[in-house]
Structures are given as C-alpha cells and as structure tokens.
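Breakdown of the fold
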Amino acid sequence: MKKTLSKLTLLNKVAPGIFILLSVLMLSYFGANYANQDLRRDEIFSLYSFALQDFKTTVTYYPEPNNHIFFNLCNNVLSRLTGLTNFYEALDYIYIFRLFQLLIAFGTLYYVFVFARKFFSLQAAYLSSILLVTTIPFLNYIMQLRGYNLSMLFSMTVLYYTFSYLAEKRKHQLLLACISVFLLLYTIPSNLYFCLGLVGVLGLYWLID
C-alpha cells in the first residue's frame, strides 16, 4: 500500500512536467514543419503593404481593416533588425518571420498554463496546455503572418492580469491589464468584442459579489 501511494505521489509530481514537455515538443514540431510554408494572399499583402514599409506607413496607412497595426509594427522592427527590408529578399527568409510567430505562440501557451494553474489547479493547467496545442484553430493561425496569433497572446494577458488584480489588488497588475487591452485593440480593432464580453463578465461578477 505504501509503495502504491509512493508511486502515485511520484506520478503526481512528474506528470505536470511531462504534459508541459509534450506541449512544448508538439508546438515546436508543428512550428518547425510550418516555418518555410509559402505565403498566403493576406500574408503577402501584410508584408508588402504594411510591414516592409517605413514606420509612418505601417502606423498610419489604413485603407481597409487589413492592417493589423501593432503586429505589422513588430514585423517592421524585426525586418530592420535582420536587414530583410526588401520584400523579395524577405521571401527567401520567410522562416525568420514565422519563427517569430512561434515565439508568440509559446507566450500564449505560457499564459494559458499560468492562468489555469493560478485560478483553477495544476491539473487544469497542464490539461489546458495539451488541449491548446491540439486545437485546430490555434495551429491554423499561430504561424500565419497576421495579427491573430498576437491577439491570442494579448487576450490571455488581459485575462491573467485582470483576474490577478481582482484577486490581489496590486497596481502593476492593473497597469499590465490596461496595456494588454490597448495592445489587443491596436493589433485588431475588432478585438473590442472580446473586451466588451469581459466587461460583461466583470459586471456580473461585481453584481454577485
């Protein structure tokens, strides 16, 4: 009986690490296989019209709701750091831009894990991580050179810092929540619907509490 309990205790300690390792490996494998995929039409338009232009064009040129401004601004900075400011030259090194997307996806995975661990349980944290990296919409959008991946990251940071502030009342958490909301909206304005939904949930929380 003692040996069985000891094995179960060891399994409980090791299991979270195994699940997180599996999540990281699965996400890394997918990213490595997708890194050199050809660009889609919207990705080409984003790079050519917004990201690989001067900063003023990236920030102010908004002919249609296709300029995911903060995301393209990040790609603009990345292109200058790597010297890939020419569109046709950038096409030969598109994996650099896609791997940057993979880093953002890892950020999302991290915040999903810490949010679930902090507000639910450790078991919920590693199950959430596994579910995230096996969800088709997540995998479909994380490597695209568009602002959807960044939107997922900022959605999670908004949730994490908002509920952390409600629980702990630390000023820096409120500041980070506000910054996250701003960057979420600056990436894609239609993320306003997510923010309005969150306000509705918080309003119900306030009424009940």
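No experiment lies behind these values; they were computed from the predicted model shown.

This brings us to the overall build of the protein chain. Assigned secondary structure in the protein chain consists of eleven helices and zero strands. Seen through its C-alpha atoms, the protein chain measures out along the principal axes to roughly 65 × 45 × 25 Å. In the protein chain, 67% of the contacts between residues at least 6 apart in sequence involve partners at least 24 apart. Of the accessible surface of the protein chain, which amounts to about 12,200 Å², a share of 67% is contributed by carbon and sulfur atoms. Counting 15 positive and 9 negative side-chain charges, the protein chain places the averaged centre of each group 19 Å from the other.

Here we come to the nonpolar core. By size, the foremost hydrophobic cluster in this structure holds 47 residues, and its most contacted members are L27, L47 and F97. For this core, the element with the most residues is helix α6 (residues 94-119), which contributes twelve residues. Ignoring anything within four residues of it in the chain, the contact list for F97 reads L47, N75, L78, S79, L84, A90 and L145.

Now for the pattern of salt bridges. Scanning the entire structure with this criterion turns up four salt bridges. R41 is paired through a salt bridge with D42; the nearest N and O atoms lie 3.6 Å apart. Residue classification places D42 among the partly exposed residues on the basis of a relative accessible area of 32%. A salt bridge links E168 to R170; the nearest nitrogen and oxygen atoms lie 3.9 Å apart. E168 sits in the partly exposed class, given a relative accessible area of 32%. Here the salt bridges share partners, and the residues they tie into one network are K118, E168 and R170.

A few words now on unusual backbone geometry. The phi dihedral of K169 falls on the positive side, at around 55 degrees, and the residue is not glycine. K169 gets classed as exposed once you look at its relative accessible area, which sits at 53%.

The next point concerns helix α2 (residues 41-51). Those residues of α2 lying buried are E43, S46, L47, S49, F50 and A51. Against α3 (55-60), α4 (69-82), α5 (87-92) and α6 lie the buried residues of α2.

Tracing the sequence through the fold places T134 in the loop between α7 (122-133) and α8 (136-142). Residues T134 and L174 lie 40 residues apart in sequence; the distance between their C-alpha atoms is 32 Å.

As a further point, take helix α10 (residues 171-187). Given a rise of 1.5 Å per residue, 17 residues ought to cover 24 Å, and the 24 Å separating the end C-alpha atoms of α10 matches this to within 8%. Here α10 has its buried residues at Q173, A177, S180, L183, L184 and T187. Buried residues along α10 cover an arc of 130 degrees about the axis, so they all sit on one side. The exposed set on the far side of α10, more than 90 degrees from its buried face, consists of K171, L175 and F182.

What follows is about the environment of A125. Relative to the helices and strands, A125 resides in helix α7. Put simply, A125 and F115 are ten residues apart on the chain and 7.5 Å apart in space, counted from C-alpha to C-alpha. If we ignore the near neighbours within four places in the chain, the residues touching A125 are F113, A116 and R117.

Let us now look at the packing of α6 against helix α9 (residues 148-168). One way to put it is that α6 packs onto α9 with a least axis distance of 9 Å and a crossing angle of 25 degrees. One way to sum up the angle between α6 and α9 is to call them roughly parallel. The element α6 and its partner α9 pack so that their crossing is left-handed. Among the residues forming the contact of α6 with α9, the class breakdown is 16 nonpolar, six polar and two charged.

Criteria and cut-off values
For every chain, the first residue of its written sequence is number 1, and the numbers climb from 1 along that sequence. Per-residue local features are limited, in this predicted model, to residues with pLDDT of at least 70; the limit for side-chain atom pairs, both in listing and counting, is 80 or more; totals at the level of whole chains, interfaces and linings are taken over all residues. Hydrogen atoms and water are omitted, and side-chain values are computed over all heavy atoms in the structure. Elements are defined by DSSP. Helices are runs of H or I of four residues or more, strands are runs of E of two residues or more, and each kind is numbered from the N terminus. Contact criterion: two residues are considered in contact whenever any of their non-hydrogen atoms come within 4.5 Å of each other. Using a 1.4 Å probe, the Shrake-Rupley method yields the accessible areas, and only the shown protein chains count as cover for residues. For the purpose of counting charges, residues Lys and Arg are taken to be positive, whereas Asp and Glu are taken to be negative. His and the chain ends are not included. For charged residues, the charge sits on one atom: NZ in Lys, CZ in Arg, CG in Asp, CD in Glu. Working definition of a nonpolar core: buried Ala, Val, Leu, Ile, Met, Phe, Trp, Tyr and Cys residues. They are joined through side-chain atoms within 4.5 Å. The classification of residues rests on relative accessible area computed with a 1.4 Å probe and restricted to protein chains. Under 20% of the type maximum is buried, over 50% is exposed, and intermediate values are partly exposed. Just to be clear on terms, a salt bridge is a Lys or Arg side-chain nitrogen sitting within 4 Å of an Asp or Glu carboxyl oxygen. A helix is expected to span 1.5 Å for every residue after the first. Directions from the helix axis toward the C-beta atoms define the arc. Only the contacting stretch of a helix is used when fitting its axis, a line to C-alpha atoms as for every element, and angles between N-to-C directions run 0 to 180 degrees. Roughly parallel covers angles under 35 degrees, roughly antiparallel covers those over 145, roughly perpendicular covers 65 to 115, and oblique covers all other angles. Note on convention: the crossing is left-handed when the near helix lies turned anticlockwise from the far helix by less than a right angle, right-handed when the turn is clockwise. Throughout this entry, Asp, Glu, Lys and Arg are counted as charged residues, while Ala, Val, Leu, Ile, Met, Phe, Trp, Tyr, Cys and Pro are counted as nonpolar. The remaining residues, Gly among them, count as polar.

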